[in-house]
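Close look at the chain arrangement
So you can see what is in the structure, the chains are spelled out below.
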There are 2 protein chains.
Amino acid sequence: MEERTEINDLGEFGLIDRLTRNFEIQNAGTVLGVGDDGAVIDHFGKQTVVSTDMLVEGIHFDLMYTPLKHLGYKSVIVNLSDIYAMNAVPTQITMSIAFSNRFSLEALDEFYEGVYAACERYNVDLIGGDTTSSQKGFIISVTAIGEVTPGQFVKRSTAQKGDLLCVSGDLGAAYLGLTLLEREKKIFLENPKIQPDLENQTYIIGRQLKPEARKDIIEFLAEKEIIPTSMMDVSDGLSSEILHICKQSEVGCVLYEDKLPVHDEARQMAMQFGLDPTACALSGGEDYELLFTMKQEDYDKIVLNEEIAVIGYITGPEEGAHIITRGGNRHEITAQGWNAFK
Amino acid sequence: MEERTEINDLGEFGLIDRLTRNFEIQNAGTVLGVGDDGAVIDHFGKQTVVSTDMLVEGIHFDLMYTPLKHLGYKSVIVNLSDIYAMNAVPTQITMSIAFSNRFSLEALDEFYEGVYAACERYNVDLIGGDTTSSQKGFIISVTAIGEVTPGQFVKRSTAQKGDLLCVSGDLGAAYLGLTLLEREKKIFLENPKIQPDLENQTYIIGRQLKPEARKDIIEFLAEKEIIPTSMMDVSDGLSSEILHICKQSEVGCVLYEDKLPVHDEARQMAMQFGLDPTACALSGGEDYELLFTMKQEDYDKIVLNEEIAVIGYITGPEEGAHIITRGGNRHEITAQGWNAFK
């Protein structure tokens, strides 16, 4: 039988000591980490970028098919993605969790293993947090802190007419992974003897359960001396994010269906579910890719990077936001992205 | 009848726009606030202090007697208190909330009125956050950011033998306010016709529902050029916090019962409940006062400040942590502070 230690045997401070015992400070700027009223950071003349996200069991994740280690990893990643989307480098996080008494110490250890793995991979320090009880379920709140050379952060509101519209990686796979997991859950609940077989869908399942943040893209852009004219990460769905950029930048755009990057496995799974792969790419959400605009003259610098697709261009605001389909039809882009209040 | 607007009529972005519409940036260092993937802060060569706290309905607060506006105010204050406890000045916060569908837009507006009032009073900018659904109850996660002159932050682990042990304000009143509110709730639940009469207990009720952070003490210490040798805020209870300082500083201490500052109204209410006022002061919690140690030679600088009490002194670690009672007895100090997992 698995070991189960009750949290109240440790108390809050024992718990914090236990959960943070493996963390070693990696950033020179982290002057003081976990264990005091606050942490202290020195940014050595850089600007600080701050982002925060809350993840709630039953709303953002389902523990029936989400391993706690993956959940810990993902809850860090979604926040780091926001920092990269500002053209900044994440350096520290705080991690607060609330959980009901159905969670054992071993479960929390597993969650923190994932947190630890993400921090290590992205060279980020865990500098604080809070652990407390909840009446129901598991609630996670992460604040990520990053640094950027003064003035080099990139907003959503600064796209210009004529800019190229680019996206990293591929789109829609995380949504299809979720759809598959939900289907297998339903089958399992109806007949627990049927074990899910997900072996042929490792890509889309991985995109859902263990996403990565696009550190590599930010490093590539820096190396090529490209500062995007606007940028954000794709968390709610491409169409929703494009509309944010258009609204906040007061521009329009044209998007080409045949330029949207969709992974083969995602395309096949969409077909199998009777879904349109383009609709999945536009509205799926949780891709954690970077959507950005850049000047046309930078095109030559990115053309050989297979991880970046030019999917359209920015127009004047009077032209609205449109997608040109494979058949040559023109449709207005509408936000069908993910909404926690639906 | 009161107006009730459902949250899903607005969607997440409409909601964020609505809740943050009254916020104006107050700090020159806040380069970019709400509305992008992240906020941007310039600390102009200062060090950044970060602290975070989570508040959960049913664990940390009871909405039966906590007005939402007060809750919004208090959820900011408890975080600012941590920043002051580092000898830093809070400059920004992020505010994330998760709430079930029993909360209307008007309820959230009321909560944010309190957040807004606290930010205004303490000259702090709200720079980001997250709003999402919960399966049950109201969950609040705040991260506070502050700044400090490099090297002038004050930790818990640096108290020295011979230092004076000081506390601001008075202790135990917030706990007695809570005890009173819990009693009145019980009476009301047994007989809803009996309306609570709290008019003669405005001080202790105020200490519970609308605490303040000790900005004034930090300003006073700076003006007098006192850098405490160690400091923390009193949130879980004085005895618990003293033991943190002793453990982390590897020292002992002597505390005098007759030096503990207790407000008259708190003392009277303790008597009425058959509680020992000293026990309330030691273990009550939620006082949000500052507990600090300082060198003996600074005594003359604070002696005239009625908001600071010298309650004891630091000894060597071999002497442990003790309290000398009014009767001259010596007792070991034990942590009876508040624990979310009890």
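Residues numbered from 1 in each chain as written. Chains lettered and ligands numbered in written order. Predicted model: local features only at pLDDT ≥ 70, side-chain atom pairs only at ≥ 80, totals over all residues. Heavy atoms only, no water.

1. Structural notes on the interface of chain B and chain A
- In this assembly, 68 residues from chain B lie in contact with 69 residues from chain A.
- Where chain B touches chain A, the interface holds 0 salt bridges.
- Applying the counting rule to chain B against chain A returns 12 residue pairs in polar contact (both at pLDDT 80 or more).
- The element that contributes the greatest number of residues to the side of chain B that touches chain A is strand β3 (residues 47-56) of chain B, accounting for 9 residues.
- Tallied by class, the residues present in the side of chain B that touches chain A amount to 28 nonpolar, 25 polar and 15 charged.
- As defined by bridge partners, strand β3 (residues 47-56) of chain A adjoins strand β2 (residues 39-42) of chain B across 4 bridges and the pair is classed as antiparallel. Bridge pairing in β2 of chain B places V50 of chain A opposite A39 of chain B. (Contact = heavy atoms within 4.5 Å. Salt bridge = Lys/Arg side-chain N within 4 Å of Asp/Glu carboxyl O. Polar contact = N/O pair within 3.5 Å; in protein donor to acceptor, adjacent residues only side chain to side chain. Helix = DSSP H or I, 4+ residues; strand = E, 2+ residues; numbered from the N terminus. Nonpolar A, V, L, I, M, F, W, Y, C, P; charged D, E, K, R; others polar. Pairing = 2+ DSSP bridges.)

2. As for the pattern of salt bridges
- Enumeration over the complete set of coordinates arrives at 28 salt bridges over all chains.
- Ionic pairing is found between R214 of chain A and D216 of chain A, a salt bridge with its closest N-O pair at 2.8 Å.
- Salt-bridge contacts for R121 of chain B lead to E212 of chain B; the nearest nitrogen and oxygen are separated by 3.3 Å. Of this pair, R121 of chain B sits in helix α3 (residues 105-121) while E212 of chain B is found in the loop between α5 (202-209) and α6 (215-223), placing the two residues 91 residues apart along the sequence.
- A relative accessible area of 52% places R121 of chain B in the exposed class.
- For E212 of chain B, a relative accessible area of 21% corresponds to the partly exposed category.
- Put simply, R207, R214, D216, E289 and E307 of chain A are held in one network by salt bridges that share partners. (Buried < 20%, exposed > 50% of the residue type's maximum accessible area, 1.4 Å probe, protein only.)

3. Topic: the packing of aromatic side chains
Residue and element names in this part refer to chain A.
- Scanning the model with the defined rule gives 14 aromatic pairs over all chains in all.
- Between Y256 and Y313, the ring centres sit 6.4 Å apart and the planes meet at 40°, which makes this aromatic pair tilted. Linking Y256 in strand β9 (residues 252-256) with Y313 in strand β11 (residues 308-315), this pair joins segments that are 57 residues apart in sequence.
- One aromatic cluster is present, formed by F61, F99, F103, F111, Y112 and F138 through successive ring pairs.
- Above the plane of the ring of Y73 lies K210, whose end atom (NZ or CZ) is 4.2 Å from the centre. (Phe/Tyr/Trp six-rings, centres within 6.5 Å; stacked < 30°, edge-to-face > 60°. Lys NZ or Arg CZ within 6 Å of the ring centre and 35° of its normal.)

4. So, the relation of the copies chain B and chain A
- For the pair chain B and chain A, the best superposition has an RMSD of 0.0 Å and corresponds to a rotation of 180° with a translation of 0.0 Å parallel to the axis. One copy is carried onto the other by what is essentially a two-fold rotation axis. Proximity to the rotation axis, assessed at the C-alpha, singles out G45 of chain B in chain B; its C-alpha lies 2.7 Å from the axis.
- In this assembly the copies share their binding face: 100% of the residues contributing to the interface of chain B also contribute to that of chain A. (Least-squares fit on C-alpha atoms with pLDDT ≥ 70 in both.)

5. Points about the UniProt feature "binding site: Mg(2+) 1" (unreviewed entry) in chain A
- Residues annotated in UniProt with the feature "binding site: Mg(2+) 1" (unreviewed entry) correspond here to T52, D53 and D130 of chain A.
- Residue placement: D53 of chain A occurs in strand β3.
- Setting aside its immediate chain neighbours within four residues, D53 of chain A contacts V78, N79, D82, I140, S141 and V142 of chain A together with D130 of chain B.
- Tracing the backbone shows D130 of chain A in strand β5 (residues 125-133). (UniProt positions renumbered as here; feature names shortened; annotations may be inferred.)

6. Re the pairing of strand β8 (residues 230-234) of chain B
All names here are of chain B.
- For β8, the tally of buried residues reaches 5 of 5 residues, placing the bulk of the element in the interior.
- The pairing of β8 with strand β10 (residues 289-294) spans 5 bridges and is antiparallel. Paired with D233 across the strands is L290, a residue of β10.

7. Examining the environment of P196 of chain A
Residues and elements named next belong to chain A.
- Take P196: it is sitting in the loop between α4 (173-190) and α5 (202-209).
- Exposure remark for P196: the relative accessible area of 38% places this residue in the partly exposed category.
- Once the C-alpha coordinates of P196 and V234 are considered, the two residues, 38 residues apart in sequence, prove to be 29 Å apart.

8. Some words on the UniProt feature "binding site: Mg(2+) 4" (unreviewed entry) in chain A
- In the UniProt entry, the feature "binding site: Mg(2+) 4" (unreviewed entry) is given for D37, S51 and D82 of chain A. Sequence-wise these annotated residues cover 46 residues; spatially they are dispersed, their C-alpha atoms as much as 25.8 Å apart.
- Counting through the fold element by element, S51 of chain A comes out in strand β3.
- Under the relative-accessibility criterion, S51 of chain A is labelled buried at 4%.
- What S51 of chain A contacts, discounting residues up to four positions off in sequence, is N79, D82, I83, V142, T143 and A144 of chain A together with D37 and G38 of chain B.
- Here D82 of chain A takes part through its side chain, which lies 3.3 Å from a polar atom of the side chain of S51 of chain A.
- Examined against the element boundaries, D82 of chain A turns out to sit in helix α2 (residues 68-84).

9. Here's the deal with the nonpolar core
- I93, M95, F111, F138 and I140 of chain A are the most contacted members of the largest nonpolar core, which totals 58 residues.
- Each of domain 1 (7-148) and domain 2 (164-332) of chain A accounts for three or more of the residues forming this core.
- Sequence-distant contacts of I140 of chain A, that is, excluding residues within four places in its chain, are made with D53, M54, L55, F61, L71, S75, M95, S96, I97 and F111 of chain A together with M54 of chain B.
- In this structure, L15, A144, C166 and L290 of chain B belong to the second largest nonpolar core, which totals 57 residues. (Core = buried A, V, L, I, M, F, W, Y, C linked by side-chain atoms within 4.5 Å. Domains from an automatic or database assignment.)

10. Description of the sheet that holds strand β4 (residues 89-99) of chain B
- Spatial ordering of the open sheet is given by β1(A)-β2(A)-β3(B)-β6(B)-β4(B)-β5(B), a layout of 6 strands whose pairing is mixed. Across the chains shown, the open sheet's two edge strands, defined by having one partner strand only, are β1 (30-32) of chain A together with β5 (125-133) of chain B. Pairs of neighbouring strands in the sheet enclose a mean axial angle of 20°, with direction left out of account.
- Here β1 of chain A runs beside strand β2 (residues 39-42) of chain A; their pairing, made up of 2 bridges, is antiparallel. Bridge assignment links T30 of chain A to a residue of β2 of chain A, and that residue is I41 of chain A.
- Of the strands in this sheet, β3, β4 and β6 (138-148) of chain B touch helix α2 (residues 68-84) of chain B, which is tilted by about 140° from β3 of chain B.
- The strands touched by α3 of chain B are β4, β5 and β6 of chain B; relative to β4 of chain B, the strand with the most contacts, the crossing angle is about 170°. (Axes fitted to C-alpha atoms, helices over the stretch in contact; angles between N-to-C directions.)

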